[in-house]
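Spelled out from the first residue to the last, the chains are:
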Amino acid sequence: SSTSPTLRGKFIREVLLCQAIPPPPPDVVTDLGVSVGDEPRTMREKLAIHSENPACAACHRAMDPIGLALENFDGIGAYRNADAGKPIDASGDLDGVKFRDALGLGAALARHASITECLVRSVYRRGVGHLESPGEQPLIEALGEKSDAEGARIRGILLGIVQSAGFRYAAGSSE
C-alpha cells in the first residue's frame with residue numbers, strides 16, 4: 001500500500017554493496033504519521049523525522065537517500081510522478097555522489113568501489129546455494145577482478161560463476 005525507501009536503501013546497502021546495517025533500536029516507533037494538520041506529507045517529508053532523531057539518524061542517512069531515488073515507483077512498482085499530491089523528489093546521495101533520480105542512482109552504483117565484488121559475491125552465493133567458505137574467497141576475488149577487467153557485465157559474472165570449480169564442486173574445493 002506504500003513505499004519503503006528505508007527498506008529499499010537497506011537492500012541496496014546489504015545486497016548490492018555488502019554493507020551491514022544494524023537493526024533498529026528495540027523501542028523504535030515506526031509510525032511516520034500521515035499528515036501535519038490537514039496537509040498530507042510525502043514519504044521524503046515523513047522520513048526527515050529520522051534524521052532529527054539521534055538514535056535513528058546514522059542508519060537512516062545511509063539508507064533513505066538511496067531508497068528515495070526509487071520513490072517514483074509505488075509499493076507494487078507502478079510508475080508515478082506525485083506523492084501526497086506533490087511532485088516526487090527522487091534526488092539523493094550515495095557515499096558522496098549526488099544523483100537526481102533512479103537512473104542517476106544506477107550510474108552511481110555502477111561506479112561504486114564495492115559494487116563488483118559484492119555483486120559477484122551475492123550472485124555466487126545464490127548460484128551455489130550457500131555462503132562462501134574461506135576456501136572459496138580466492139575464487140570470488142578472481143571472479144571480481146576478471147569481471148572488472150571485462151567491464152563488470154552481469155553476463156560475464158554469471159558465466160564466470162557457472163564455469164568455476166566452486167559452482168561445479170562441493171564448497172571449499174575451488175581451483
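For the structure itself, look to the data block above.
Residues numbered from 1 in each chain as written. Predicted model: local features only at pLDDT ≥ 70, side-chain atom pairs only at ≥ 80, totals over all residues. Heavy atoms only, no water.

1. Digging into the state of the cysteines
A covalent bond between the sulfur atoms of two cysteines is what we call a disulfide. Enumeration over the complete set of coordinates arrives at one disulfide. Between the sulfur atoms of Cys18 and its disulfide mate Cys118 the distance is 2.1 Å. One disulfide, between Cys18 and Cys118, carries an S-S torsion of 85° and so falls in the right-handed class. One end of the pair, Cys18, is in the loop between α1 (5-16) and β1 (35-36); the other, Cys118, is in helix α5 (residues 115-128), and 100 residues separate them in sequence. With a relative accessible area of 38%, Cys18 lands in the partly exposed category. The exposure class of Cys118 is buried, given its relative accessible area of 2%. In this model Cys56 remains outside any disulfide bridge; the closest cysteine sulfur is found in Cys59, 8.6 Å from its own. Among the residues examined, Cys56 registers a relative accessible area of 8% and is labelled buried. (Disulfide = S-S within 2.5 Å. Helix = DSSP H or I, 4+ residues; strand = E, 2+ residues; numbered from the N terminus. Buried < 20%, exposed > 50% of the residue type's maximum accessible area, 1.4 Å probe, protein only.)

2. Thoughts on the packing of aromatic side chains
The final tally for this structure, using the stated rule, is one aromatic pair. For the ring pair Phe73 and Tyr79, a centre distance of 5.5 Å and an interplane angle of 80° mean the geometry is edge-to-face. You can call Tyr79 exposed: its relative accessible area is 55%. (Phe/Tyr/Trp six-rings, centres within 6.5 Å; stacked < 30°, edge-to-face > 60°.)

3. Observations regarding the pattern of salt bridges
Enumeration according to the criterion identifies eleven salt bridges in this entry. Between Glu39 and Lys86 there is a salt bridge, and its shortest N-O distance comes to 3.0 Å. Of this pair, Glu39 sits in strand β2 (residues 39-40) while Lys86 is found in strand β4 (residues 86-87), placing the two residues 47 residues apart along the sequence. You can call Lys86 partly exposed: its relative accessible area is 21%. Two residues, Arg44 and Asp89, come together in a salt bridge whose shortest N-O distance is 3.5 Å. Taken together, the residues Arg44 in helix α2 (residues 43-52) and Asp89 in the loop between β4 and β5 (92-94) connect sequence positions 45 residues apart. Take Asp89: its relative accessible area is 39%, and that puts it in the partly exposed class. Through salt bridges that share partners, Glu117, Arg121, Arg125 and Glu132 make up one connected network. (Salt bridge = Lys/Arg side-chain N within 4 Å of Asp/Glu carboxyl O.)

Everything listed here is a matter of geometry and, on its own, says nothing about what the molecule does.
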